[in-house]
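Summary of the model geometry
The primary structure of each chain is shown beneath.
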Amino acid sequence: MRYWLSFFLVIIVGAIAVIGIAGFQGGKSRKPPIEIFPDMDRQPKIRPQTGSSFFSDGKASRVALLGTIARGSHYLDTPLVTGQLTGSTNFVDVMPLAITAKLLARGRERYQISCLPCHGALADGNGITKKYGMAVVANLHDKRIVTQTDGELFKTITHGKNLMGGYGANIAIEDRWAIIAHLRTLQLARLGILADVPLDRRAGLK
Ligand code: HEC
């Protein structure tokens, strides 16, 4: 019997203590509420679009750098960036960059870094990866690929195609075009005929 009494007493005292500290639901108090983890309520931060003495210009928000493109916004719809005509999904036939010796040299170097391991130095699909079992690498001298537009090649490099992954995140836009320029020289070299060779160089050829 006495155990029961002390049990109820503990519950009642406990309830009074909780209500005394926390109050009734909806009850009003002038005292600030109890904060169990106060760091969640108050943080050392500055709110956007307000003033702040932290930065010299007195603004809490930073102005975006010139040329910043918002994540999720449309990227620039120009042939240089998409390989397609502005406002359409039609590929550009010819690359938007001027072909210079410098661009070709850059393209050769970038091709050898990014494409050669799979497609081979001659672009015939005989890269080192073939030895390790990657058997389906495209031969870039296939008529189907030779006759593709520069814009379509740009898309393949940027986003990948079928089993080939995209390299847009690894190769800068200008370098992708430079690679295409180099690839065209490889293709042309294979399709070349005697009439393409300067007269004084023809003698040694068979
Ligand atoms: C890791 C290996 C690998 C690398 C690196 C690679 N490719 Fe490929 N590529 C492939 C494979 C595999 C295919 C065949 C994809 C298929 O048809 O399934 C292919 C296909 C292609 C095609 C043909 C696409 C079509 O229309 O069918 C082109 C063009 C091409 N690659 C260009 C490039 C260029 C340019 C680079 C360098 C920037 C490159 N690839 C780097 C593996 C690679």
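Since we're looking at a predicted model, the values are computed, not measured. (Residues numbered from 1 in each chain as written. Predicted model: local features only at pLDDT ≥ 70, side-chain atom pairs only at ≥ 80, totals over all residues. Heavy atoms only, no water.)

The next point concerns the site of the ligand. Around the ligand, the structure places 22 residues, and the nearest of them are Cys115, Cys118, His119, Gln148 and Met164. Residue Gln148 places a side-chain N or O atom 2.8 Å away from an oxygen atom belonging to the ligand. Note that an oxygen atom of the ligand is positioned 2.8 Å from one of the side-chain N or O atoms of Lys161. Those elements that provide at least two residues to the shell around the ligand are helix H5 (116-119), helix H7 (143-146) and helix H8 (150-159). Residue classes in the shell around the ligand are distributed as 15 nonpolar, five polar and two charged. (Near = heavy atom within 4 Å. Polar contact = N/O pair within 3.5 Å; in protein donor to acceptor, adjacent residues only side chain to side chain. Helix = DSSP H or I, 4+ residues; strand = E, 2+ residues; numbered from the N terminus. Nonpolar A, V, L, I, M, F, W, Y, C, P; charged D, E, K, R; others polar.)

Taken as a whole, this structure holds five aromatic pairs when the rule is applied. The interplanar angle of 10° and the centroid separation of 4.2 Å between the aromatic rings of Phe154 and Trp177 together place this pair among those described as stacked. Here Phe154, found in helix H8, pairs with Trp177, found in helix H9 (residues 173-191); they are 23 residues apart in sequence, far enough to count as distant. For the pair formed by Phe154 and Trp177, the shared burial category is buried. An aromatic cluster of at least three residues, connected via ring pairs, comprises Trp4, Phe7 and Phe8. One Lys or Arg, Arg62, reaches over the ring of Phe55 and ends 3.5 Å from the middle of that ring. (Phe/Tyr/Trp six-rings, centres within 6.5 Å; stacked < 30°, edge-to-face > 60°. Buried < 20%, exposed > 50% of the residue type's maximum accessible area, 1.4 Å probe, protein only. Lys NZ or Arg CZ within 6 Å of the ring centre and 35° of its normal.)

Attention shifts here to the coordination of the iron atom of the ligand. Around the iron atom of the ligand, the donor atoms from the protein are His119 (NE2) and Met164 (SD), and they sit 1.9 to 2.0 Å away. Metal-centred angles of 86 to 178° between the six donor atoms at the iron atom of the ligand mark the site as octahedral. Taken together, the residues His119 in helix H5 and Met164 in the loop between H8 and H9 connect sequence positions 45 residues apart. The class for Met164 is partly exposed, based on a relative accessible area of 30%. (Donors = N, O, S within 2.8 Å, 3.2 Å for Na, K, Ca; no water. Tetrahedral: all angles 85-135°; square planar, octahedral: opposite > 155°, others 65-115°.)

The backbone of Gln49 sits at a positive phi, close to 65°, despite the residue not being glycine. Considering the arrangement of structural elements, one finds Gln49 in the loop between helix H2 (38-41) and helix H3 (79-82). You can call Gln49 exposed: its relative accessible area is 74%. You will see that Ala123, though not glycine, has its phi angle at about 65°, which is positive. By the secondary structure assignment, Ala123 is in the loop between H5 and helix H6 (128-131).

Here we come to H9. Helix length check: H9 (19 residues) gives 27 Å between terminal C-alpha atoms against 27 Å at 1.5 Å per residue, within 8%. All of the buried residues in H9 are Asp175, Arg176, Trp177, Ala178, Ile179, Ile180, Ala181, His182, Leu183, Leu186 and Gln187. Buried residues in H9 make contact with H3, helix H4 (101-114), H7 and H8. (Expected span 1.5 Å × (residues − 1). Contact = heavy atoms within 4.5 Å.)

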